[in-house]
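As a plain string of letters, each chain reads:
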Amino acid sequence: MKRYSAFSIFREALRNNSGWQRAWAAPEPKAQYDIVIVGAGGHGLATAYYLARNHGIANVAVLEKGWLGGGNTGRNTTVIRSNYLQDPSAAIYEKSRSLYETLSQDLNMNIMFSPRGVMMLAQTEHEVRGYKRTAQANALQGVATEFIPPARVRELCPIIRIDGPRYPVLGALWQPRAGTARHDAVAWGYARACSAMGIDIIERCEVTAIRSNAGQVAGVETTRGAISCGKLALVVAGHSGHLAEMAGFRLPIESVALQALVSEPIKPCLDVVVMANTVHGYMSQSDKGEMVIGGGADGYNNYTQRGSFHHVEETVRSLIETFPMLSRLKMLRQWGGIVDMTGDRSPILSKTPLGGCYVNCGWGTGGFKAIPGSGWAMAELLAKGHSPLAEAFGLDRFREGRFIDESVAAGVAH
Amino acid sequence: MLILTCPCCGIKADETELAPGGEAHIKRHGPGSSDAEFEAYLFTRANPRGVHFERWRHAYGCGKWFLAARATDTLEVFGTYPATSTAVPDAILSRIRARRPDWIKPDRIKPA
Ligand SMILES: Cc1cc2nc3c(=O)[nH]c(=O)nc-3n(C[C@H](O)[C@H](O)[C@H](O)COP(=O)(O)OP(=O)(O)OC[C@H]3O[C@@H](n4cnc5c(N)ncnc54)[C@H](O)[C@@H]3O)c2cc1C
Ligand SMILES: [Zn+2]
């Protein structure tokens, strides 16, 4: 594989862009792999990448029913942050955020990580107290955040209405090294690096059944034939319940639609990410100038990748209260993704009742930020059978009552 | 927009009038039950891509609970029925089978 560089852009400019190679190969599936990963979203691809890079396991296939990155990885609003309250969440999300810092260099693909800072507005007294507590917890965890007063909020984000009648801005939790990245590039970058290490990425290959033998996974049936494997990892986000059913068990997961929308492009006016959890809305401005807005999740199970209109209306209505200048903006596009919500709103990285079958799911509304860290931990779990980062996120926590008391995947996209 | 007919008051209500209440027909196990049974009651969900049975409340109408049969992959509604039903009524089952001949009532799936 040829490396991408400033020189390669220059060279290709001189020869009519005739020398670019395919970013990843399109192999026929083999009959057998050591590990089969179902789902070529960010989490599945990152798992494959770290299996080869950190553990030397490259006889791996990533099976994708549609096109790579076409699930939630290509539908999210790309907020990356790690300002969580509980230690297990802070550990895996901060690992992830710190991997994002050098991901462009590691993958030799510009994933456009932009640590522009994330500001979570406190608009009620409860939020002020909650975010101050989080800032203290973050200090102990080694995650750089601080609670900032309203004057500093206005300085960082002049278009905000600080003294709104219903929800005045009372301060904010500020993480300066949080931000955004280009979602497609993250999927493409991992795919390209995986392919270069000999991992097979097989698109348009839907898993339709899971074969097992005496309680041990044996392989999968797919639309491109049967494939046997030593270990199986289900990394299919909203489809986790569906795949678990094929494997013969149930998960503490429900799949619901989550929406986002973007406005027409306007001149630069917002250079941080702002989240307003009380009014269920958050926003950033893309490099093209569009305002990228995350909406609320539906309350009922849905696999159609379409959400309800009234959520869009609610989101926009509440954002306008905090950002009055948005009121005249036209919205360009709206879309939905199917997110996997667990019983305690924290992710699951775990072995399952079927031997050799592992799941990585439950990232719900907030797993884009977790892609590198989750892939890192999942690869370790598959290779060694345990991983310190994944420890707290096992399925047995639901039976034992060891929930993670933190809505990491709350009702809104972020 | 999802529209369900409330079997209590007969109104065709759109989803802004309704509050979703999650999976229906979940058994709450009593004293002496195992941890696994209680886990199943609290957290383990069917979450099918297809026919699903749910609890709903006519929150901004008559305020009563009812049950609905719905397809999560097409948003088709097969019907609603009273919250007091301990099993899916035959009329609803035959409507589902008429629309989806391959559908198998998923009793066989054991909780994790
Ligand atoms: C509108 C929206 C906004 C969001 N905003 C944010 C945000 O700002 N920040 C953040 O951190 N997170 C956000 N998220 C959440 C984030 O997108 C997800 O948590 C994350 O992308 C999940 O990645 P994944 O790889 O697990 O799943 P996916 O990217 O969904 O990949 C799963 C893949 O599995 C494939 N698959 C399913 N079934 C099968 C089968 N039977 N056989 C083969 N393949 C199969 C699917 O086609 C899919 O490509 C948002 C989500 C949505 C929907
Ligand atoms: Zn009613």
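Further up the page is the structure itself.
Residues numbered from 1 in each chain as written. Chains lettered and ligands numbered in written order. Predicted model: local features only at pLDDT ≥ 70, side-chain atom pairs only at ≥ 80, totals over all residues. Heavy atoms only, no water.

Residue and element names in this part refer to chain A. Under the defined criterion, the tally for this structure stands at 3 cavities of 30 Å³ or more. Lining the largest cavity, in full, are Met1, Lys2, Arg3, Tyr4, Ser8, Arg11, Glu12, Gly19, Trp20, Gln21, Arg22 and Arg192. Residue contributions to the lining of the largest cavity peak at 3 residues, all from helix H1 (residues 6-14). For the lining of the largest cavity, the residue count by class is 3 nonpolar, 3 polar and 6 charged. A volume near 50 Å³ is recorded for the second largest cavity. Considering the residues around the second largest cavity, the lining is formed by Gln123, Arg161, Gly164, Pro165, Arg166, Tyr167, Glu321 and Thr322. Within the lining of the second largest cavity, the residues separate by chemical class into 2 nonpolar, 3 polar and 3 charged. (1 Å grid on protein atoms, 1.4 Å probe; cavity = no way out; pocket = protein on both sides within 12 Å on 5 of 7 lines; lining within 4 Å. Points joined across faces, edges and corners; volume = space filled by probe spheres on them. Helix = DSSP H or I, 4+ residues; strand = E, 2+ residues; numbered from the N terminus. Nonpolar A, V, L, I, M, F, W, Y, C, P; charged D, E, K, R; others polar.)

Residue and element names in this part refer to chain B. Surrounding the zinc ion (ligand 2) are the protein donor atoms Cys6 (SG), Cys9 (SG), His58 (ND1) and Cys62 (SG), at 2.0 to 2.3 Å. Coordination at the zinc ion (ligand 2) is tetrahedral: its 4 donor atoms span angles of 101 to 116° at the metal. In the primary structure, the donors to the zinc ion (ligand 2) are separated according to the pattern C-x2-C-x48-H-x3-C. In this pair, Cys6 is assigned in the loop between strand E1 (3-5) and strand E2 (12-14) and His58 in the loop between strand E4 (51-57) and strand E5 (65-71), connecting sequence segments 52 residues apart. Overall, the relative accessible area of 0% leaves His58 in the buried class. (Donors = N, O, S within 2.8 Å, 3.2 Å for Na, K, Ca; no water. Tetrahedral: all angles 85-135°; square planar, octahedral: opposite > 155°, others 65-115°. Buried < 20%, exposed > 50% of the residue type's maximum accessible area, 1.4 Å probe, protein only.)

Residues and elements named next belong to chain A. Look at helix H5 (residues 125-141): 24 Å from first C-alpha to last across 17 residues, which is about the 24 Å you get at 1.5 Å a residue. Taken together, the buried positions of H5 are occupied by Glu127, Val128, Tyr131, Thr134, Ala135, Ala137 and Asn138. Against the buried residues of H5 lie strand E4 (118-122), strand E5 (146-148) and strand E6 (171-175). Once H5 ends, the next one or two residues include Gly142, with phi positive near 80°. (Expected span 1.5 Å × (residues − 1). Contact = heavy atoms within 4.5 Å.)

Quick look at the nonpolar core now. Grouped together as the largest cluster of nonpolar side chains are 52 residues, with contacts concentrated most on Ile37, Leu45, Tyr100, Ile111, Tyr190 and Leu349 of chain A. Residues Val207, Ile227, Leu232 and Leu395 of chain A belong to the second largest nonpolar core, which totals 30 residues. (Core = buried A, V, L, I, M, F, W, Y, C linked by side-chain atoms within 4.5 Å.)

On to the packing of aromatic side chains, then. Residue and element names in this part refer to chain A. In the structure shown here, the tally under the stated rule is 15 aromatic pairs over all chains. Consider the rings of Tyr49 and Tyr190, whose centres lie 5.3 Å apart with planes at 65°: the pair is edge-to-face. Placement of Tyr49 in helix H2 (residues 42-55) and of Tyr190 in helix H7 (residues 183-196) is noted, with a sequence separation of 141 residues between them. Across the pair, exposure class does not vary: Tyr49 and Tyr190 are buried alike. (Phe/Tyr/Trp six-rings, centres within 6.5 Å; stacked < 30°, edge-to-face > 60°.)

Contact with chain B, which involves 29 residues of that partner, is made by 27 residues of chain A. Note on chain B versus chain A: buried area summed over both sides is about 2,600 Å², and carbon and sulfur give 55% of it. Seen at the junction of chain B and chain A, the total is 2 salt bridges. Counting across the interface, chain B meets chain A through 13 residue pairs in polar contact (both at pLDDT 80 or more). Of all the secondary-structure elements, those providing two or more residues to the side of chain B that touches chain A are strand E3 (19-23), helix H1 (35-42) and E4 of chain B. Broken down by class, the residue content of the side of chain B that touches chain A amounts to 12 nonpolar, 6 polar and 11 charged. (Buried area = accessible area lost by both parts, 1.4 Å probe. Salt bridge = Lys/Arg side-chain N within 4 Å of Asp/Glu carboxyl O. Polar contact = N/O pair within 3.5 Å; in protein donor to acceptor, adjacent residues only side chain to side chain.)

All names here are of chain B. One open sheet holds the 4 strands; their spatial order is E3-E4-E5-E6, and the pairing between them is antiparallel. Lying at the two open borders of the sheet, with one neighbouring strand each, are E3 and strand E6 (77-82). Sheet twist, expressed as the average angle between the axes of neighbouring strands with direction ignored, equals 30°. Both E3 and E4 contribute to a ladder of 3 bridges, which runs antiparallel. Residue pairing in the sheet places Ala19 in a bridge with Arg57 of E4. Against the sheet, helix H2 (residues 90-99) engages E4, E5 and E6, with an angle of about 175° to E6. (Pairing = 2+ DSSP bridges. Axes fitted to C-alpha atoms, helices over the stretch in contact; angles between N-to-C directions.)

Moving on: a nonpolar patch on the surface. Nonpolar side chains collect at one region of the surface, where Phe7, Phe10 and Leu14 of chain A lie side by side and expose about 390 Å² of accessible area between them. Given a relative accessible area of 53%, Phe10 of chain A falls into the exposed group. (Patch = residues over 30% accessible without salt bridge, like charges linked within 9 Å, V, L, I, M, F, W, Y side chains within 5 Å. Areas by Shrake-Rupley, 256 points an atom, 1.4 Å probe, with all protein chains shown as cover.)

This part takes up the sheet that holds strand E12 (residues 253-263) of chain A. All names here are of chain A. Spatial ordering of the open sheet is given by E5-E6-E4-E13-E14-E15-E12-E16, a layout of 8 strands whose pairing is mixed. Edge strands, defined here as strands with exactly one partner in the open sheet, are E5 and strand E16 (331-342). Geometrically, the sheet is characterised by an average inter-axis angle of 25° between neighbouring strands, direction not taken into account. In this structure, strand E13 (residues 273-276) lies alongside strand E14 (residues 281-285), joined through 3 bridges in antiparallel fashion. Opposite Val274, over in E14, you have Met283 as the bridge partner.

All names here are of chain A. Within strand E15 (residues 291-301), 10 of the 11 residues are buried, leaving the element largely enclosed by the surrounding structure. Two elements, E12 and E15, share 5 bridges in a ladder whose sense is antiparallel. Paired with Ala260 across the two strands is Gly294, which belongs to E15. One ladder, built from 4 bridges, connects E14 with E15; its direction is antiparallel. Directly across from Ser284, in E15, lies its bridge partner Val292. Where E14 hands over to E15, the hairpin turn is made up of 5 residues, of which Gly289 adopts a positive phi near 105°.

The next subject is the packing of H2 of chain A against helix H10 (residues 371-384) of chain A. Residue and element names in this part refer to chain A. Contact geometry of H2 with H10 gives a least axis separation of 7 Å together with a crossing angle of 55°. With respect to H10, the axis of H2 lies oblique. The way H2 lies across H10 gives a crossing that is right-handed. In contact with Gly42, His43, Ala46, Thr47, Tyr50, Leu51, Arg53, Asn54 and His55 of H2, H10 contributes Ile371, Pro372, Ser374, Gly375, Trp376, Met378, Ala379, Glu380, Leu382, Ala383 and Lys384. When the residues that make up the contact of H2 with H10 are grouped by side-chain class, the tally is 10 nonpolar, 7 polar and 3 charged. (Parallel < 35°, antiparallel > 145°, perpendicular 65-115°, else oblique. Left-handed = near helix turned anticlockwise from the far one by under 90°.)

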